[in-house]
Amino acid sequence: MAKGLLLGTKLRLVFEAGMDDEGNPLYKAKTFSNVKKEATVDQLFQAAQAITVLCKDTLNKVERNDSTEILA
């Protein structure tokens, strides 16, 4: 049976950075590496809110990206 080994976690914040010529929203993202693997969803959301206070753009979404190695 295969097993998964969690290698790392990243926090990605997606911001709405304005509008294009056709009125569609433009997005930009900032990724933070070296996030503790044990961090809960609530802790990551609190961190995202604290970071957002320092940014001029509006937060659109918060993502958690886990990297897993699959072992046979």
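Residues numbered from 1 in each chain as written. Predicted model: local features only at pLDDT ≥ 70, side-chain atom pairs only at ≥ 80, totals over all residues. Heavy atoms only, no water.

Colleague: What am I meant to see in the overall build of the protein here?
Modeller: The secondary structure content of the protein amounts to 1 helix and 3 strands. The linear arrangement of helices and strands in the protein, starting from the amino end, is β-β-α-β. Relative to the globule expectation of 11 Å for 72 residues, the C-alpha radius of gyration of the protein, 16 Å, shows a markedly less compact shape. Across its three principal axes, the protein shows a C-alpha extent of roughly 50 × 25 × 15 Å. Contacts spanning at least 24 positions in sequence make up 64% of the contacts within the protein whose residues lie at least 6 apart. Working note: accessible area of the protein is about 5,600 Å², and carbon and sulfur atoms make up 53% of it. Treating the 10 positive side-chain charges of the protein as one cloud and the 10 negative ones as another, the clouds have centres 10 Å apart. (Helix = DSSP H or I, 4+ residues; strand = E, 2+ residues; numbered from the N terminus. Rg over C-alpha atoms; globule rule 2.2 N^0.38 Å. Contact = heavy atoms within 4.5 Å. Areas by Shrake-Rupley, 256 points an atom, 1.4 Å probe, with all protein chains shown as cover. Lys, Arg positive; Asp, Glu negative; His and termini not counted. Charge placed at Lys NZ, Arg CZ, Asp CG, Glu CD.)

Colleague: Looking at this model, I keep getting lost on the side chain of Thr9. Mind explaining?
Modeller: Locating Thr9 in the fold gives a position in strand 1 (residues 3-19). What makes Thr9 buried here is its relative accessible area of 3%. Engagement of the side chain of Thr9 in a polar contact is seen with the side chain of Asp66, the distance being 2.8 Å. (Buried < 20%, exposed > 50% of the residue type's maximum accessible area, 1.4 Å probe, protein only. Polar contact = N/O pair within 3.5 Å; in protein donor to acceptor, adjacent residues only side chain to side chain.)

Colleague: Looking at this structure, how should I read the packing of aromatic side chains?
Modeller: Aromatic ring pairs: the centre-centre distance and the angle between the two ring planes describe each pair. Under the defined criterion, the tally for this structure stands at 0 aromatic pairs. The aromatic ring of Phe32 is capped on one face by Lys30, whose charged end is 5.7 Å from the ring centroid. (Phe/Tyr/Trp six-rings, centres within 6.5 Å; stacked < 30°, edge-to-face > 60°. Lys NZ or Arg CZ within 6 Å of the ring centre and 35° of its normal.)

Colleague: Whenever I open this one, the sheet that holds strand 3 (residues 58-71) confuses me. Can you help?
Modeller: Sheets are built from strands paired through backbone hydrogen bonds, the pairs being either parallel or antiparallel. Taken together, the 3 strands give an open sheet; going across it, the order is 2-1-3, and neighbouring strands pair in antiparallel fashion. If you trace the sheet from one side to the other, it starts and ends with strand 2 (25-35) and strand 3, each paired once. When the angles between neighbouring strand axes are averaged without regard to direction, this sheet yields 25°. Two elements, strand 1 and strand 3, share 13 bridges in a ladder whose sense is antiparallel. Bridge pairing links Leu13 to Val62 in strand 3. Set on the sheet, helix 1 (residues 41-52) makes contact with strand 1, strand 2 and strand 3; between it and strand 1 the angle comes to about 30°. (Pairing = 2+ DSSP bridges. Axes fitted to C-alpha atoms, helices over the stretch in contact; angles between N-to-C directions.)

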